[in-house]
Amino acid sequence: LTTGCELVPRTRISLFEDTLLPIISCANTTVYLNNLGSASVDTSLLLTSLFDNCGIDSVYLSVTSFNCSNIGANTVTLFARDLNGNIDSCSAVVTVLDTLTPIISCTDTTIYLNNSGVATIDTSFVHVGSSDNCGIDSVYLSVTFFNCSNIGANTVTLFARDVNGNIDSCDAVVTVLDTLTPVISCTDTTIYLNNSGGA
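Throughout what follows, the structure given in this document is the object of discussion. On a predicted model such as this, the values are computed, not experimentally measured, just so you know.

Moving on to the overall build of the protein. Counting its regular elements, the protein contains 0 helices and 16 strands. Taking the principal axes of the C-alpha coordinates as reference, the protein spans close to 180 × 25 × 20 Å. When burial is assessed residue by residue, the protein has 26% of its 199 residues classed as buried. The contacts of the protein with a sequence gap of at least 6 include a subset with a gap of at least 24, amounting to 59%. A total accessible area of about 13,300 Å² is found for the protein, and carbon and sulfur atoms account for 52% of it.

Structural data, given as C-alpha cells:
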C-alpha cells in the first residue's frame, strides 16, 4: 500500500567522552622564610611530570603561602585538570625553615662596685634593641657578675635567640669602677719619749 510518504533512515549519533585522568607526579621541597616571616611556592617547585591524552588545562596547588606558624613539614596537594575537566592530584611535603638570625644591637655601659666590692648587671644595661622575623625567644649575657678583679674595661657578649633557635650576638664594653673611699677610724694615744728625747 502506497501512502505517498518517503521513508528516511534515522541518523545514529555517536558520543565520545574523555574520562581518562591526567597523570601527575610531584616531589617534596624546602622553602625558607624571608625577613618578613613568609615564603611562597608555585607548582614548578613540586611538579616532576605531567601527561594527559587530550591536553592539560591547568595545574594548581592547595596551598602556596607559608609563615612562621608553618615551620616544619606541611603536606600540600598538587592538582592537574585536563581540557575535558578530569582532575588528578598528588601530595608533597613542603618543609618550611627559618634560618635568619635575629637582629640585635647593644651599647657600652659603666657600673660601680658596691661596698662589698661587687656589681651585677642584666641585659637592660647594654641591650638597645632586637628584632626577628618570627619573634625573639630570649636575650641573655655572657657575664653578669663583676668584682674588684674586673676594674676597668670588660668585653661582654649579648645574645639574642629567636623562637626557632637561631642566635646572633653583639659585644659591649662594661667599665667597672670603684669610687668608694676607704672607711678609716682612729683613736687618741699616749707615747713616751725615750732617753734620747725621741719617740
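This paragraph deals with the packing of aromatic side chains. Summed over the entire model, instances satisfying the criterion amount to 2 aromatic pairs. Pairing tyrosine 60 with phenylalanine 79 gives two aromatic rings, centres 5.2 Å apart and planes at 20°, and the pair type is stacked. Residue tyrosine 60 is found in strand E5 (residues 56-61), and its partner phenylalanine 79 is found in strand E7 (residues 72-82); the two are separated by 19 residues along the sequence. Note on tyrosine 60: relative accessible area 34%, which makes it partly exposed. Residue phenylalanine 79 is classed as partly exposed on the basis of its relative accessible area of 24%. On the numbers, 5.2 Å between centres and 20° between planes, the contact of tyrosine 140 with phenylalanine 159 is stacked. Of this pair, tyrosine 140 sits in strand E13 (residues 136-141) while phenylalanine 159 sits in strand E15 (residues 152-162), and the two are 19 residues apart along the sequence.

Calculation notes
- Residues numbered from 1 in each chain as written.
- Predicted model: local features only at pLDDT ≥ 70, side-chain atom pairs only at ≥ 80, totals over all residues.
- Heavy atoms only, no water.
- Helix = DSSP H or I, 4+ residues; strand = E, 2+ residues; numbered from the N terminus.
- Buried < 20%, exposed > 50% of the residue type's maximum accessible area, 1.4 Å probe, protein only.
- Contact = heavy atoms within 4.5 Å.
- Areas by Shrake-Rupley, 256 points an atom, 1.4 Å probe, with all protein chains shown as cover.
- Phe/Tyr/Trp six-rings, centres within 6.5 Å; stacked < 30°, edge-to-face > 60°.

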